[in-house]
There are 2 protein chains.
Amino acid sequence: MARLSERLDNLHGSPVRAMLTAAQQPDMVSFAGGLPAPDSFADLSFPPAPLSAMQYGPTEGEPDLRARISVELACIGLDCPAHRIMVLSGSQQGIDLAAKLVIDAGAPIAVESPAYLAALQVFQFFGAQMSCLSPADPSAGWAEAPPRLAYVTPTFQNPTGRCWSGAERRALAQACDAHDVVLFEDDPYRDLAYDDCERTPVAAMVEQADWIYQGSFSKTVAPGLRLGFLAASEGVFEQLVHLKQAADLHTNRLSQFYVLHYLNDPGRAQRMGRLVNLYRERRDMFEAAMQHHLGGLADWSSPAGGLFFWAVLRGGLDAQALLPRAVARGVLFTPGVHFLVDSGAPSGAMRLNFSHADASAADRGLKVLGAVIREALG
Amino acid sequence: MARLSERLDNLHGSPVRAMLTAAQQPDMVSFAGGLPAPDSFADLSFPPAPLSAMQYGPTEGEPDLRARISVELACIGLDCPAHRIMVLSGSQQGIDLAAKLVIDAGAPIAVESPAYLAALQVFQFFGAQMSCLSPADPSAGWAEAPPRLAYVTPTFQNPTGRCWSGAERRALAQACDAHDVVLFEDDPYRDLAYDDCERTPVAAMVEQADWIYQGSFSKTVAPGLRLGFLAASEGVFEQLVHLKQAADLHTNRLSQFYVLHYLNDPGRAQRMGRLVNLYRERRDMFEAAMQHHLGGLADWSSPAGGLFFWAVLRGGLDAQALLPRAVARGVLFTPGVHFLVDSGAPSGAMRLNFSHADASAADRGLKVLGAVIREALG
């Protein structure tokens, strides 16, 4: 029996990834993942990559792509020079790097709850003590015991879809400054905005504290390319580069070439407009079907962006207990319990992805969920 | 001042990567990296990737690619079913995953010294206590204090170019079995074989112990694709998958598609033959130039494969002290000290890559090195 590291006791496979494997079955309706619509890839076009992309490249990423991302960030209000931008092998990697940067066993960090489950898993794996951060009072308890890091997804959060107000964003930035807490802002959904709302990065409002802001091209271009990026303050950037180097040397250069091509494509704005329209329509159709099949059984808010509904069942039902019955009838969803810091307690919430299934599949799936809930209520 | 993790005290950027940045200067002769010859990419051809490669994929990798790698491994004597093969974002990632799997702060592990410097850096970052493993007596000291893991590159090692004999390989496998030590075999150079020698994976000889065997497509296809793989014993495979999931969800699918295309290409054997011939010629020309310019100043063995000469300076010179003088005259090499477990002591060794520079650049660079060494000897 091999002796393995103690932190493996805190490692669990993602329940969503396990479900995605099940979702490969052809007639399964999956609301479980955060998968882009397959039709959204059809209008991507990529020229042949240059041979120079075959060689080893810089750890930080391709200079042209970093410069372009710097311009993009300036457009959304975040000033960060290209030399403090690093390309990532998807933004999941940024979570691994940030955890390595900050977390010793027992280190206190603050996270939203619910929050992105694969971030919670990484933080737990590295032994963090997680406390809950509420947008309404982000620094509650920080005067007594400041966390090292605050992990937030202020724009169209996964799983809730919530978007922080300007006042909430400023309060968090000020709290990070006042208590010297590293801000870690995860922003993969910001371009999937269906209604107006505040989207200025919190990182743009921080004045003294160190910060990491990360974005993803998985939702706007293609997740199969595994491409994300981070921007960071001077105090932590270089160490993040060393961590990236140790993790995988550098990000694959084909994807970097293709994403730069996409960012420079004159047809890009038009394509994004089509994508946002498609997803807005899906959200609206999905909500109509929810009202039809889940009305009176659950409560939810319509998300102004992103990819998910967060529905809370009435009647004290445990959503997780319903999952096997739903799967048996060909429908997958993600039980809310996986997104909670204290995942011991049952949760009546379910996360429902609306971007992947088409209207007819969504209607079929929600009908099954309604029936399963009604049966559980007796 | 942000509070960062204690393990960052053990994190240093790679001196090779820093030098590679310097090597971007057009007239610099670099013997420092492990870069494939740029001309080797010219005969790669890749068809357009299918749109399905744009979506999220399985953490373990594409099923077709894993099946194909399983067949390849069987051909070299290592039986491992496809369901215990995982595609990596380059084999540097496998080092990060193996370290997370096994290393707690203070955990004992055994490594060759010298060894691949970016592996030593990762092990040190996670807090391993490293002891030195010699092919001649691999389990020395293990009866008293068995390490958790033995990290070896038995075939054309980086930096020494050494290839373990069959008896040495069997002895290590038996030692891992006897002391329940996880074998971690890193095998990126095996296909770059210029002379006959034993190349059977040590992992194929292990009977009871857990093991991880990893390979790379960086040396045979293209490093810019960032593609490697690992095969592992049943006792550790699933946890490695969970670790991969937490690190970057899955490897980019374009590179997986292209590498599978390459592996299935009927022209592959012919292309590999050309590549091996090219590198064999470069090795031989490089050695002739070494004899001409460094004869009497350093000792080395001709490597039977891989990408490096390991030259040990005579006269007690410290190779690191010569580096600034060489760089000032347009030549880069990697001082041997970076590959040592105890990197406090000076080292008279230099690692010289022979695959990247062409004959004229190699001659020019070695002439400079010879002059720099003669000056240092007074």
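Draft legend 1. Quick look at the pattern of salt bridges. Taken as a whole and judged by the stated rule, the model has 32 salt bridges over all chains. Linking Asp96 of chain A and Lys100 of chain B is a salt bridge whose minimum nitrogen-to-oxygen distance equals 2.6 Å. With Asp96 of chain A in helix H3 (residues 91–102) and Lys100 of chain B in helix H3 (residues 91–102), this pair bridges two chains. Of the residues examined, Lys100 of chain B reaches a relative accessible area of 1% and is grouped as buried. Notably, a salt bridge pairs Asp104 of chain B with Arg148 of chain B, separated by 2.9 Å at the nearest N-O pair.

Draft legend 2. Broad picture of the sheet that holds strand E10 (residues 308–313) of chain B. All names here are of chain B. Pairing is antiparallel across the open sheet formed by four strands, whose spatial order is E9-E10-E13-E12. Edge positions in the sheet fall to strand E9 (298–299) and strand E12 (334–335), since each has one partner strand and no second. By the bridge criterion, two bridges tie E12 to strand E13 (residues 349–353) in an arrangement that is antiparallel. Each bridged residue has a counterpart across the sheet, and for Thr334 the counterpart in E13 is Arg351.

Draft legend 3. Fine view of the relation of the copies chain B and chain A. Here chain B sits on chain A after a turn of 180° about the axis and a move of 0.0 Å along it, with an RMSD of 0.0 Å. The two molecules are tied by a two-fold rotation axis, judged by turn and shift. The overlap is high: 100% of the interface residues of chain B also sit at the interface in chain A, so the same surface is used on both sides.

Draft legend 4. Expanded view of the interface of chain B and chain A. Of the residues lining the interface, 75 residues belong to chain B; the matching set on chain A comes to 75 residues. Each partner contributes to the roughly 6,100 Å² buried at the junction of chain B and chain A, and carbon and sulfur atoms together form 55% of this total. Classifying every residue of the side of chain B that touches chain A gives 39 nonpolar, 22 polar and 14 charged.

Draft legend 5. Representation of the domain arrangement of chain A. Residue and element names in this part refer to chain A. Its domain assignment divides chain A into domain 1 (6–41 + 269–377) and domain 2 (51–264). Spacing between the C-alpha centres of domain 1 and domain 2 amounts to 25 Å. Taken residue by residue, the interface counts 34 residues in domain 1 and 31 residues in domain 2. With both sides pooled, the region where domain 1 packs onto domain 2 buries about 2,700 Å², and carbon together with sulfur makes up 65% of that total. Linking domain 1 to domain 2 there are one salt bridge. A salt bridge links Asp195 to Arg283, with the shortest nitrogen-to-oxygen separation between them at 2.8 Å. Our count for the contact surface shared by domain 1 and domain 2 stands at ten residue pairs in polar contact (both at pLDDT 80 or more). Elements supplying a minimum of two residues to the side of domain 1 that touches domain 2: helix H1 (15–22), helix H8 (268–294) and strand E10 (308–313). If one sorts the elements of the side of domain 1 that touches domain 2 by residue count, H8 sits on top with seven residues.

Draft legend 6. Here's a closer look at the packing of aromatic side chains. All names here are of chain A. Under the criterion given, the structure shown has 26 aromatic pairs over all chains. Seen from their ring centres, Trp310 and Phe339 are 5.8 Å apart, and the 85° between their planes marks the pair as edge-to-face. Highlighted residues: Trp310 in strand E10 and Phe339 in the loop between strand E12 (334–335) and strand E13 (349–353), separated in sequence by 29 residues. Residue Trp310 shares its accessibility class with Phe339, and that shared class is buried. By way of ring pairs, the aromatic residues Phe31, Tyr194, Phe286, Phe309 and Phe354 are connected into one cluster. Taking the ring centre of Phe308 as reference, the NZ or CZ of Arg351 above it sits at 3.9 Å.

Draft legend 7. Local environment of the environment of Met130 of chain A. Residues and elements named next belong to chain A. With respect to the helices, strands and loops of the structure, Met130 is situated in strand E4 (residues 129–132). When the C-alpha atoms of Met130 and Tyr151 are compared, they prove to be 10 Å apart, with 21 residues separating the residues in sequence. Dropping the residues within four chain positions of it, Met130 is found in contact with Ile109, Val111, Leu120, Phe123, Gln124 and Val341.

Draft legend 8. Spotlight on unusual backbone geometry. For the bond running from Asn158 of chain A to Pro159 of chain A, omega is 20°, close enough to zero to count as cis. Relative to the elements of secondary structure, Pro159 of chain A occurs in the loop between strand E5 (149–152) and helix H5 (166–179). In this model, Asp180 of chain B sits at a positive phi of 55°, which is unusual for a non-glycine residue. Tracing the backbone through its elements, the reader meets Asp180 of chain B in the loop between helix H5 (166–179) and strand E6 (182–186).

Reading guide: rules and limits
Residues numbered from 1 in each chain as written. Chains lettered and ligands numbered in written order. Predicted model: local features only at pLDDT ≥ 70, side-chain atom pairs only at ≥ 80, totals over all residues. Heavy atoms only, no water. Salt bridge = Lys/Arg side-chain N within 4 Å of Asp/Glu carboxyl O. Helix = DSSP H or I, 4+ residues; strand = E, 2+ residues; numbered from the N terminus. Buried < 20%, exposed > 50% of the residue type's maximum accessible area, 1.4 Å probe, protein only. Pairing = 2+ DSSP bridges. Least-squares fit on C-alpha atoms with pLDDT ≥ 70 in both. Contact = heavy atoms within 4.5 Å. Buried area = accessible area lost by both parts, 1.4 Å probe. Nonpolar A, V, L, I, M, F, W, Y, C, P; charged D, E, K, R; others polar. Domains from an automatic or database assignment. Polar contact = N/O pair within 3.5 Å; in protein donor to acceptor, adjacent residues only side chain to side chain. Phe/Tyr/Trp six-rings, centres within 6.5 Å; stacked < 30°, edge-to-face > 60°. Lys NZ or Arg CZ within 6 Å of the ring centre and 35° of its normal.

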